Amino acid sequence: MENIIAYLEQYGYIVLFGALLLELIAFPIPGEVLMTYSGFLVYQHDLNWVYSIIVAGAGTSIGMTISYSIGRKLGAPFFTKYGHHFHMGPAKISKISVWFNKHGNKLLIVAYFIPGIRHITGYFSGIIQIPFRLYALYAYSGAFLWVSLFITFGKILGPEWEQFHSSIKKYFFIAAIFAIVFLVGMYLYKKYKAQFHDYATRFLEISLYLMHSRKKVAILLISTAIVTFGLFLLMIGLIQDFLGNEFQDFNDITDLIIQFIFTESWSTFILFFRS
């Protein structure tokens, strides 16, 4: 790691471009650390912020294009011949392809923030033969969003980049997981909306039949909601106690972001707003 950082200090944009290109082909290179450190070099005025984002985004995009091309040219025949041995035969690949064409574009953006997942999305997109224009639109957009955030955070954190880098990476990872869970939940709800409605209707009908009164059913539902809400609050309290120390890093990072955004140029507006 120290050698890569030394090369980055010496060769700048060339190392940033090449390292991210290789990482998205699945080489074991700590791209997020390099981007955050590049932001620190921007803070020191050794690199330019805009140029760093453009170079990093270009390297990431080219790496994703290479992995897509490899998956498209070599992946499909492999799965056609050997996929049935691990339950990934042509029929299943076809089904995944249909789903990915409809919803995978969102995954392409979120996947950059999940280590391990971002390294296979390009290959998998090529294997299931997503149209390149659609793939490029979301893969390249996600690439520039990913690099922009980490380089900018490195610039904001400055000398403290190393202290808070792992925390930022963790927060992005958690946010990405929540986004994927939300997208999957929305997909399941849209696909099985009628079934959910039928189950809810049956539950109410059975409850009404057993209790012989709508008032009793209403009391049951309200009691269930109160218990659920109480358990939710208890869970939040436990999580807050468990992660109490984690929020200190979050608060420190938030303070740095606010100081970075609201500079002295905002003073006139703030005074006007206060008035």
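Below is a summary of the structure that appears in this document.

So, about a nonpolar patch on the surface. Among the surface-exposed residues, Ile258, Ile261, Phe262, Trp266, Phe269, Ile270 and Phe273 lie close enough to one another that they form a single nonpolar patch of about 700 Å² accessible area. Sorting the residues of the nonpolar patch by element identifies helix H11 (246-261) and helix H12 (267-274) as the ones contributing at least two each. Top contributing element to the nonpolar patch by residue count: H12, with three residues.

We now examine the packing of helix H3 (residues 31-43) against helix H7 (residues 132-157). For the pair H3 and H7, interaxial distance at closest approach is 6 Å and the crossing angle is 50 degrees. The angle between H3 and H7 places the two elements in the oblique class. Pair H3 / H7 crosses with right-handed handedness. Note on element contacts: H7 touches H3 through Trp146, Val147, Phe150, Ile151, Gly154 and Lys155, opposite Glu32, Met35, Thr36, Gly39, Phe40, Val42 and Tyr43. Partitioned by chemical class, the residues of the contact of H3 with H7 number eight nonpolar, three polar and two charged.

So, on to the side chain of Ser67. One can find Ser67 in helix H4 (residues 49-82). The buried category is assigned to Ser67, whose relative accessible area is 1%. In terms of polar contacts, Ser67 uses its side chain to reach the backbone carbonyl oxygen of Met64, at 2.9 Å. Contacts of Ser67, omitting those with residues within four sequence positions, involve Leu24, Gly122, Tyr123 and Tyr135.

Attention now goes to the nonpolar core. In this structure, Leu8, Leu20, Met35, Tyr112, Tyr135, Trp146 and Val147 are the most contacted members of the largest nonpolar core, which totals 32 residues. Secondary structure elements with two or more residues in this core: helix H1 (2-11), helix H2 (13-23), H3, H4 and H7. The element that contributes the greatest number of residues to this core is H7, accounting for seven residues. Contact partners of Tyr112, with chain neighbours within four places excluded, come to Leu24, Glu32, Thr60, Met64, Arg118, Ala139, Gly142, Ala143 and Trp146.

With that out of the way, let us pick up the packing of H2 against H3. Interhelical geometry of H2 versus H3 gives an angle of 155 degrees and a closest axis separation of 10 Å. Comparing their axes, H3 and H2 come out roughly antiparallel. When you trace H2 past H3, the crossing you get is left-handed. Mapping the contact onto sequence places Leu16, Ala19, Leu20 and Glu23 in H2 and Gly31, Leu34, Met35 and Ser38 in H3. Taken together, the residues that form the contact of H2 with H3 break down as five nonpolar, two polar and one charged.

Before going further, it helps to spend a moment on the pattern of salt bridges. Between side chains of opposite charge, pairing is possible as soon as their charged atoms come close. By the definition in use, this model includes two salt bridges. Here Arg118 ties to Glu23 by a salt bridge, and the two come within 2.9 Å at their closest N and O atoms. With a gap of 95 residues between them, Arg118 in helix H6 (residues 118-127) and Glu23 in helix H2 connect regions that are remote in the sequence. Glu23 carries the same exposure label as Arg118, and that label is buried. Arg118 serves as the salt-bridge partner of Glu32, at 3.2 Å between the closest nitrogen and oxygen. With Glu32 in helix H3 and Arg118 in helix H6, this pair connects stretches of sequence that are 86 residues apart. Linked by salt bridges that have partners in common, Glu23, Glu32 and Arg118 make up one network.

Conventions we followed
Residues numbered from 1 in each chain as written. Predicted model: local features only at pLDDT ≥ 70, side-chain atom pairs only at ≥ 80, totals over all residues. Heavy atoms only, no water. Patch = residues over 30% accessible without salt bridge, like charges linked within 9 Å, V, L, I, M, F, W, Y side chains within 5 Å. Areas by Shrake-Rupley, 256 points an atom, 1.4 Å probe, with all protein chains shown as cover. Salt bridge = Lys/Arg side-chain N within 4 Å of Asp/Glu carboxyl O. Helix = DSSP H or I, 4+ residues; strand = E, 2+ residues; numbered from the N terminus. Axes fitted to C-alpha atoms, helices over the stretch in contact; angles between N-to-C directions. Parallel < 35°, antiparallel > 145°, perpendicular 65-115°, else oblique. Left-handed = near helix turned anticlockwise from the far one by under 90°. Contact = heavy atoms within 4.5 Å. Nonpolar A, V, L, I, M, F, W, Y, C, P; charged D, E, K, R; others polar. Buried < 20%, exposed > 50% of the residue type's maximum accessible area, 1.4 Å probe, protein only. Polar contact = N/O pair within 3.5 Å; in protein donor to acceptor, adjacent residues only side chain to side chain. Core = buried A, V, L, I, M, F, W, Y, C linked by side-chain atoms within 4.5 Å.

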